[in-house]
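# Examining the three-dimensional arrangement
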Amino acid sequence: MAPKAKVNPKPSPSPTPPAAQSVPLEDLFAALHRHAQNSEYELAARVADQVLAIAPGDEDALRCKVVALIKSDAIDKALSTIQASRHLPIHLRFYEAYCLYRQNKLHEALKVLDGQERNSMILQLESQILYRLGKMDACMDSYEKIQRFKIDSLDLKTNIIAALIAAGRSAEVQETMDALKVKATSNFELAYNYACSLIEKKKYAEAEQQLLSARRIGQEMLMEEDYADDEIETELAPIAVQLAYVHQLQGQTEEAIEAYMSIINRNLSDASSLAVATNNLISLRGTKDVSDSLRRLDRLIEKGTGARQFQLANSLDFKLSTRQKESLYANRLLLLLQANRLDQAQEVISALPEMFPDSVTPVLLQAALLVREKKAAKAEEVLIHYADKFPDKSRPVLLARAQIAAAAGHFQISVESLLKIPEIQNMPATVATLVSLQERIGDFSSAAAVLDSAIDWWKNAMTEENKLDLIMQKAAAFKLNHGREEEASQLYEKLVKSHGNIEALVGLVMTAAHTDLEKAELYEKQLKQLSGLKQLNVESLEKTPGARHVEGAHAVKVEVPEDVKKAKTKKRKRKPRYPKGFDPANPGPPPDPERWLPKRERSSYRPKRKDKRSQIRGSQGAVVREKHDSIAPATSSSVNGPSSKSGQNTSSSSKSGPQKVTSSEQSKASSKSKKKSRS
């Protein structure tokens, strides 16, 4: 902000230093203006201090100082300057909110903006704060108010498109771009955002081409602005990550992994792109190489300071959106569960509700931890408590409860959970699940009631893909299987009259045969006769003992001549194969037939005789005395000092401390232990 020249400064209530008084105030403001024009913000802040030393409380000098500190990224100093000047009648609330926004204190920044006049600057800052908080609907409301000011800024229009995509309104992107009079080729950020809208629409091939175009536009623009090669690569890193993500969505797993690894190994200075690439790579791997995935995430998530238990490294808390940060923490927790590190998982679970108070992900992850601890009933209790407390967020919670209960065999709880979600209650998948669960309980009447309710709902549904025929057909089959032939017959008859479905006609004939033979014969005439059955006598067919199984569609008995049979039965003689160097003419003595038996079990085995010549004859006492004399020297040597035997030296050294083992020795030791376990 360029300061205006001051001709008549405000009188200072306190005496000024002699050094400051020696410089005219007009010269200081001129220097302040010059430094601001040359983007020398640190020098501008020093000159502003000199002005404030002469004229404390000067509004223009104070504003210039705050702006200069913000421009030089001295956010803490700027905020302290603002807070120290609150006693002055100077309006600095916008700058205070911006400093809090830069410090990622988003809720405090919004609180500062409350009650302020909604001009274009306030609305732009408010929309940015709401975008960071993930409140996309409120963010779009702010952007719609900004458009009333008719600000012709390409950056603002780029932000509007980004917020529209984040709010899940990708279908409106093209219309909004036409209204804002911008094209995807205006800059590479707009091209990138437009590609993201195509991804949301699942137009992956078009999105890939748009991302390649965005990369080309970005390279040309940044080269014109004299960016270095590494700076260009850093600026375009989000495009590279998004291209890899498109490959991942298209099922090109190897290409996606290669692209993610290339981005990670280059170690770009764009920390947010590296974090997204790491997270997507981990999600692509799944449960493979859990330890490596955990190591990669541990570089991004670290222990927090103060009240916060965890925080993201490299200032990622400010650079990533709420949804991206939530994905990082959720993936780390799932990996901890996979690695069976339940204590660490519990630490993460306890911190998530405070970090993401508006999300249902923490309670779902808590339920996953309880299921891993084999506490399914506790998980069901936690989920139903949350669903009752926040009914507007209950749908995913109730679905999770239904799944957990069904897996635990609590079918009634699963049915109750699904019945509490009215918006999906009549969908074919939900109806099939409810019917299956109630069949397992044995409540066939409730299952039939679910089918009847779904039929009534689809009769009045105004949708493009009406599933009434499908539901009616499944309902008729269910009632036929459970002895409700009359109701099944009515459903089949309605299907036949409305669409003339051949499957429904067959079902009608089958059901009517149990309840109304005349109706069955009437509709049986509408069935087309199969070709080849006109000459078939049904009465004679009933008298036959039954058909015999014949291999092949047209088996014909063929007479085989006798000489051919003999040729087939004649076995071919093979020459015997002898060992190398064996002469069949002189085979030598025959081998021992008992050569496969152990030596002790052979008939030729004779045990060795003991040599009794070395035995000592005499009295028993003489033998004991001689043994005692022979043992005494060994005993005395062991008492006096360590033995010089190699075996004793080895044992003493092993007790004194751990020994260094090479990798080859470790592999040998491990293989030896395996052999022992097998034996």
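Here is what the cut-offs are and how they apply
Residues numbered from 1 in each chain as written. Predicted model: local features only at pLDDT ≥ 70, side-chain atom pairs only at ≥ 80, totals over all residues. Heavy atoms only, no water. Helix = DSSP H or I, 4+ residues; strand = E, 2+ residues; numbered from the N terminus. Buried < 20%, exposed > 50% of the residue type's maximum accessible area, 1.4 Å probe, protein only. Contact = heavy atoms within 4.5 Å. Areas by Shrake-Rupley, 256 points an atom, 1.4 Å probe, with all protein chains shown as cover. Salt bridge = Lys/Arg side-chain N within 4 Å of Asp/Glu carboxyl O. Expected span 1.5 Å × (residues − 1). Phe/Tyr/Trp six-rings, centres within 6.5 Å; stacked < 30°, edge-to-face > 60°. Axes fitted to C-alpha atoms, helices over the stretch in contact; angles between N-to-C directions. Parallel < 35°, antiparallel > 145°, perpendicular 65-115°, else oblique. Left-handed = near helix turned anticlockwise from the far one by under 90°. Nonpolar A, V, L, I, M, F, W, Y, C, P; charged D, E, K, R; others polar. Core = buried A, V, L, I, M, F, W, Y, C linked by side-chain atoms within 4.5 Å. Polar contact = N/O pair within 3.5 Å; in protein donor to acceptor, adjacent residues only side chain to side chain. Patch = residues over 30% accessible without salt bridge, like charges linked within 9 Å, V, L, I, M, F, W, Y side chains within 5 Å. Lys, Arg positive; Asp, Glu negative; His and termini not counted. Charge placed at Lys NZ, Arg CZ, Asp CG, Glu CD. pLDDT = per-residue confidence, 0-100.

## Digging into the overall build of the protein
- Across its full length, the protein holds 36 helices and two strands.
- Of all 679 residues assigned to the protein, the portion counted as buried reaches 34%.
- Taking the intrachain contacts of the protein between residues at least 6 apart in sequence as the baseline, contacts between residues at least 24 apart amount to 49%.
- A total of about 44800 Å² of accessible surface is found on the protein, and carbon and sulfur atoms cover 51% of it.

## Section: unusual backbone geometry
- One non-glycine residue with positive phi stands out, namely K181, at about 60°.
- Along the chain, K181 falls in the loop between α11 (173-180) and α12 (188-200).
- Residue D226 is not a glycine yet carries a positive backbone phi of 60°.

## Quick notes on the pattern of salt bridges
- A complete count under the given rule lists 21 salt bridges for this structure.
- By sharing partners, the salt bridges in this structure join R285, D292, R295 and R296 into a single network.

## What to know about helix α30 (residues 502-515)
- If you check α30, its first and last C-alpha atoms are 20 Å apart, about what 14 residues at 1.5 Å a residue would give, namely 20 Å.
- Along its buried surface, α30 packs onto α28 (468-481), α29 (485-499) and α31 (517-524).

## Here's the deal with the packing of aromatic side chains
- Throughout the structure, instances matching the rule amount to six aromatic pairs.
- Summarising the aromatic geometry, the rings of F94 and Y95 are spaced 5.6 Å apart at their centres and angled 75° between planes, so their arrangement reads as edge-to-face. Per residue, the accessibility class of F94 equals that of Y95, and both read buried.
- Aromatic side chains Y98 and Y101 sit 6.1 Å apart centroid to centroid with 45° between the ring planes, which places their arrangement in the tilted category. Placement of both Y98 and Y101 in helix α6 (residues 93-102) is noted, with a separation of three residues, approximately one turn of the helix.

## Things to note about the packing of helix α21 (residues 342-355) against helix α22 (residues 361-372)
- It is the contact of α21 with α22, at a shortest axis distance of 9 Å, that shows an interaxial angle of 155°. When the axes of α21 and α22 are compared, the pair comes out roughly antiparallel. Relative to α22, the crossing made by α21 is left-handed. The residues of α22 that touch α21, namely those facing L342, A345, Q346, I349, L352 and P353, are P362, L365, Q366, L369 and R372.

## Here we look at the packing of helix α15 (residues 237-249) against helix α16 (residues 253-266)
- It is the contact of α15 with α16, at a shortest axis distance of 8 Å, that shows an interaxial angle of 160°. In terms of orientation, α15 lies roughly antiparallel with respect to α16. The way α15 lies across α16 gives a crossing that is left-handed. Side by side, α15 and α16 meet where A240, V241, A244, Y245, H247 and Q248 of the first sit next to E255, A256, A259, Y260 and I263 of the second.
- When grouped by side-chain class, the residues that make up the contact of α15 with α16 number eight nonpolar, two polar and one charged.

## A closer look at the environment of A504
- One can find A504 in helix α30.
- For the pair formed by A504 and S489, sequence separation is 15 residues and the distance between their alpha carbons is 9.5 Å.
- In this view, A504 contacts Y492, L495 and V496; residues no more than four positions away in its chain are not counted.

## Let's talk about the nonpolar core
- Of all hydrophobic cores here, the largest spans 77 residues; its most connected members are Y95 and I129.
- With 31 residues, the next largest nonpolar core counts W458, L495, L505 and V509 among its residues.

## Some words on helix α23 (residues 376-389)
- The end-to-end C-alpha separation of α23 is 20 Å, in line with the 20 Å expected for 14 residues at 1.5 Å each.
- Within α23 the residues assigned to the buried category are A376, A379, E380, V382, L383, I384, Y386 and A387.
- Against α22, α24 (394-407) and α25 (411-419) lie the buried residues of α23.

## Here we look at the environment of N279
- In this structure, N279 sits in helix α17 (residues 271-285).
- On the basis of relative accessible area, N279 is assigned to the buried category, the value being 11%.
- The sequence separation of N279 and Y329 amounts to 50 residues, and the corresponding C-alpha distance is 9.8 Å.
- When sequence neighbours within four positions are dropped, the list of residues in contact with N279 reads S327, L328 and N331.
- In this structure the side chain of N279 is engaged in a polar contact, spanning 2.6 Å, whose partner is the side chain of N331.

## Things to note about a negative patch on the surface
- Residues D155, E189, D229, D230, E231 and E235 make up a contiguous surface patch of negative charge.
- The dominant element in the negative patch, judged by the number of residues it contributes, is helix α14 (residues 229-235), at four residues.
- When you line up the elements, E231 lands in helix α14.
- With relative accessibility at 40%, the residue E231 sits in the partly exposed group.

## Things to note about the side chain of E126
- Relative to the assigned elements, E126 resides in helix α8 (residues 120-133).
- A distance of 3.0 Å separates polar atoms of two side chains, one belonging to E126 and the other to S142.
- Those residues in contact with E126 that lie beyond four places of it in its chain are L110, L113, R118 and S142.

## Digging into the confidence of the model for the protein
- For the protein, the average pLDDT comes to 82, and 81% of its residues sit at 70 or higher.
- Low pLDDT, under 50, characterises residues 1-20; the predicted model gives this stretch 29 contacts beyond four residues in sequence or across chains.

## What about the environment of L336?
- Looking at the element boundaries, L336 is found in helix α20 (residues 322-338).
- With 33 residues separating them in the primary sequence, L336 and L369 have C-alpha atoms 9.8 Å apart.
- Beyond its immediate chain neighbours, meaning those up to four positions away, L336 contacts L294, R341, Q344, A345 and V348.

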